[in-house]
Amino acid sequence: MASRFLKISPLLKLGGGASVTKNVTRARSVSAAMSYKETLANAPPTRLSVLNNGLRVATEDSSSPTATIGVWIDAGSRNENENNNGVAHFLEHMAFKGTGKRSQTDLELEIENMGAHLNAYTSREQTVFYGKCLSQDVDKMVEVLSDILQDSKLGEHEIERERGVILREMQEVETNLQEVVFDHLHATAYQGTALGRTILGPTQNIKSLSRKDLSEFIKTHYQGSRMVLAASGGVQHEQMVKLANAHLGSLPNVYSEGQPPVPDRCRFTGSEIRVRDDDMPFAHIAIAVEGCGWADADNIPLMVANTIIGSWDRSQRGGINLASNLAHYSAEANLCHSFQSFNTCYKDTGLWGIYVVCEPMMCETMLYNIQSEWMRLCTAVNPAEVERAKSLLKTSMLLQLDGTTPVCEDIGRQMLSYGRRIPGHELETRIDAVTAADVRDVCNKYIYDQCPVVAAVGPVENLPDYNRIRSSMYWLRV
C-alpha cells in the first residue's frame, strides 16, 4: 500500500494539482466576491424622516463611538445675483461669531469642552454646517447647530471684522492656481449665468455687503424644505428625529411668492479664457465639455470614462506601466508634471474634462494627446479598460466613505442632489451594468464634435488657438 501511494502521489501532483489549485483559487475569488456583495447589502441603511416643516432627517447608524451631524442647505453661490454674490460664503464665516444665547467665546469653549469640532463650507449649490463629536454628545451638537442656523447675531462689528478675513482669504485663493483656473473655467463656460460667478464673490461686493443682505438671504433660502439634517456614526434615528423636532421644527417653510425660488438654467458656452504670464514656471490648463447633472442616467458612464482617463503626477512611480494611456504617454515623453481628470456635476449641468500642469512649450503636445485620447474613447474604447475603470471607480467610492464625516457628507449631498441616498449595492449594480458600448455612446454624445471650454493661466504661448482646439474634437474618417 505504501509503494502504491508513492506511485500515485506524483500523478496527483503533476496531473490533478493544477486543477485543484484553479478550483481553490476560483472558490476563494467567488467567496471574496460574495463577501464584498454581502458587505454592501448588509451596510447600515440610511433612514429618512420628514418633519412637518419639510426638513428631512437622514441618518446612518454604524454604532461608532463618534458621530458627525450636519445641516445641508440647498443654497449656494448659484442662488445669488450680481449685487449680493458672495453672501452665502459670508454667512458661513458669520456662523461661529456668536448667537443670541452664546457669545463667540462661549461657543468656542463649549465645543472645546466637548472635545468636538465645528466646521462649514460653501459650494456653488450648497451651504453646509457640520460638527464632529462623541456619540454621547449628539444632542448638544444638534442644539448648537440649530442655534447657529436660527439665531446668529450677525453683529455689525463682527461683519466688519470678517470683511478683512474674507479679503485675505481671497488673496490666498489667488495663489492656488488650480482654484484660479477652475474659477476661470466656470466664468467662461457659464458666462452671463449664476454658475459663472465665484463662490467668494468680487471684492466690491465683500466691501459693501450689509447685515440686511445677510438676513435677506437667510430669510429667502434657509427654509425647512430646503434643508437636510444628516447624521452618521453612533446615532439613533428616532433620537435624531426627536431632536430635529425640538430644535429645528420651528424653521419656516413659507415663501413670499408661494413657492421656493428656482435657479435659472445655466447656459453652457464653448469658449476660452487665457491669462498669459511668461514669468510663471508652469502652464496651468483646464479643458472641458458640458457634462450632465447629478441625477442624469448618463452620469455613471461619464464617471467610468473619467476614470479611464485617470490622473497622474511625477511623484507617482511607474507611470509608463500604468493602464491609463495618457499617464503612459505623459511619463514616457515627459509631457507634463501632472494631470487630473474631473467630472463636476450640478443639478442640471456639469463640466467633464481634465486639468493639466505642464512645461511652457509642452502645451500643444499635451493637448494633442488629451484630445486624441478623448476621440479614442468616442470610437475605440475596449471592454478590458472599461472593466478596469469600473473596478477603480468602485474602489475609490468605497475609500471615500471611510469615516463618519465622509458618510455624513455623502448622505447630505445625495439627499439634496437625488432626493434619496443611493444604497451601495444599487450603485455597484449600476456601475457593473456599464459596457464599452455605453461609454462610446455617452462620449459621442457629450464629447465628439462638441465645443469645449478652455481656461489657461501662465506661459501659454504654445497653447493652440481655440479654432485648432475645436477642430480636434472630431476625427475625419474615410
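Position labels on residues start from 1 in each chain and follow its written sequence. For a predicted model such as this one, the threshold for reporting local features is a pLDDT of at least 70, and the threshold for listing and counting side-chain atom pairs is 80 or more; totals across whole chains, interfaces and linings nevertheless cover every residue. Computation of side-chain values covers all heavy atoms of the structure but excludes hydrogens and water.

Quick look at the overall build of the protein chain
Inference 1: Segments assigned H or I by DSSP are reported as helices when at least four residues long, segments assigned E as strands when at least two residues long, and all are numbered from the N terminus. For the protein chain, the helix and strand inventory stands at 17 helices and 12 strands.
Inference 2: Accessible area is worked out with a 1.4 Å probe on protein chains only. A residue is then buried under 20% of its type maximum, exposed over 50%, and partly exposed in between. In the protein chain, buried positions account for 49% of the 478 residues.
Inference 3: Restricting the contact set of the protein chain to residue pairs at least 6 apart, pairs at least 24 apart contribute 81%.
Inference 4: Where accessible areas are quoted, they stem from the Shrake-Rupley method and a 1.4 Å probe; at the residue level, only the protein chains shown are allowed to cover. As presented, the protein chain carries roughly 23,100 Å² of accessible surface, and 52% of it is formed by carbon and sulfur atoms. Throughout, a contact is declared for two residues whenever any of their heavy atoms are within 4.5 Å.

Let's talk about the pattern of salt bridges
Inference 1: For this document, the term salt bridge refers to a Lys or Arg side-chain nitrogen within 4 Å of an Asp or Glu carboxyl oxygen. Under the definition given, this model contains 30 salt bridges.
Inference 2: A salt bridge links R102 to E143, with the nearest nitrogen and oxygen atoms 2.4 Å apart. On the criterion of sequence distance, the pair formed by R102 in the loop between helix 2 (87-94) and helix 3 (104-114) and E143 in helix 4 (residues 138-151) is long-range, its members being 41 residues apart. E143 shares its class with R102; the two are buried.

Topic: the pairing of strand 12 (residues 453-458)
Inference 1: The buried fraction of strand 12 is high, at six of six residues.
Inference 2: Strand direction decides the pairing type here: strand 7 (residues 272-276) and strand 12, joined by five bridges, are parallel. Of the residues in strand 12, the one forming a bridge with V275 is V457.
Inference 3: Strand pairing is assigned whenever DSSP identifies at least 2 bridges connecting the two strands. Bridging between strand 8 (residues 283-291) and strand 12 involves five bridges; their strand directions are antiparallel. What sits directly across from I285, in strand 12, is A456.

Looking at the side chain of R56
Inference 1: Of note, R56 is situated in strand 2 (residues 56-61).
Inference 2: Asp and Glu are treated as the negative residues and Lys and Arg as the positive ones, with His and the ends of the chain left uncounted. This buried residue, R56, is left without a salt bridge; D74 holds the nearest opposite charge, at 6.1 Å.
Inference 3: Discounting chain neighbours no more than four positions away, the residues touching R56 are L48, S49, V50, S225, M227, V228, L229, M415, L416 and G419.

Details of the sheet that holds strand 5 (residues 127-134)
Inference 1: Ordered by their spatial adjacency, six strands build an open sheet running 1-2-6-3-5-4, and the pairing between neighbours is mixed. If you trace the sheet from one side to the other, it starts and ends with strand 1 (46-50) and strand 4 (117-122), each paired once. Each adjacent strand pair in this sheet contributes to an overall mean axis angle of 15 degrees, direction not counted.
Inference 2: Bridge analysis of strand 3 (residues 66-73) against strand 5 gives eight bridges, and the strand direction is antiparallel. Residue pairing in the sheet places V71 in a bridge with F129 of strand 5.
Inference 3: Axis lines are fitted to C-alpha atoms, over the contacting stretch for helices. Their N-to-C directions set the angle, which ranges from 0 to 180 degrees. Where helix 9 (residues 237-248) meets the sheet, it contacts strand 1, strand 2, strand 3 and strand 6 (227-233), and its direction lies at approximately 150 degrees from that of strand 2.

Here's the deal with the confidence of the model for the protein chain
Inference 1: Note: pLDDT gives the predictor's confidence per residue, expressed from 0 to 100. This prediction gives the protein chain a mean pLDDT of 89; 88% of its residues lie at or above 70.
Inference 2: Note on residues 1-25: pLDDT is under 50 here. Beyond four places in sequence and across chains, it has three contacts.

Some details on the packing of aromatic side chains
Inference 1: Classification of ring pairs rests on two measures: the distance between centres of Phe, Tyr or Trp rings, Trp counted by its six-membered ring, which must be within 6.5 Å, and the angle between planes, read as stacked under 30 degrees, edge-to-face over 60 and tilted in between. Inspection of the entire model under this criterion finds seven aromatic pairs.
Inference 2: Relative to F268, the ring of Y190 lies with its centre 6.1 Å away and its plane at 80 degrees, an arrangement referred to as edge-to-face. Highlighted residues: Y190 in the loop between helix 6 (177-189) and helix 7 (203-208) and F268 in the loop between helix 9 and strand 7, separated in sequence by 78 residues. Exposure class is identical for Y190 and F268. Each is buried.

Some remarks on the side chain of R376
Inference 1: Position of R376 among the secondary structure elements: in helix 12 (residues 363-379).
Inference 2: With near-sequence residues (within four places) excluded, R376 lies in contact with I308, N325, V381, N382, E385 and W475.

A closer look at the packing of helix 10 (residues 299-309) against helix 13 (residues 383-399)
Inference 1: The interhelical angle for the contact between helix 10 and helix 13, taken along N-to-C directions, is 100 degrees, at an axis separation of 8 Å. As judged from the angle between their axes, helix 10 and helix 13 are roughly perpendicular. Two secondary-structure elements touch here, helix 10 through M303, V304, T307 and I308 and helix 13 through E385, V386, R388, A389, K390, L392, L393 and M397.
Inference 2: Side-chain classes are defined by residue name, with Ala, Val, Leu, Ile, Met, Phe, Trp, Tyr, Cys and Pro counting as nonpolar, Asp, Glu, Lys and Arg as charged, and the others, Gly among them, as polar. Of the residues belonging to the contact of helix 10 with helix 13, the class tally is eight nonpolar, one polar and three charged. Angle categories: roughly parallel below 35 degrees, roughly antiparallel above 145, roughly perpendicular from 65 to 115, and oblique for all the rest.

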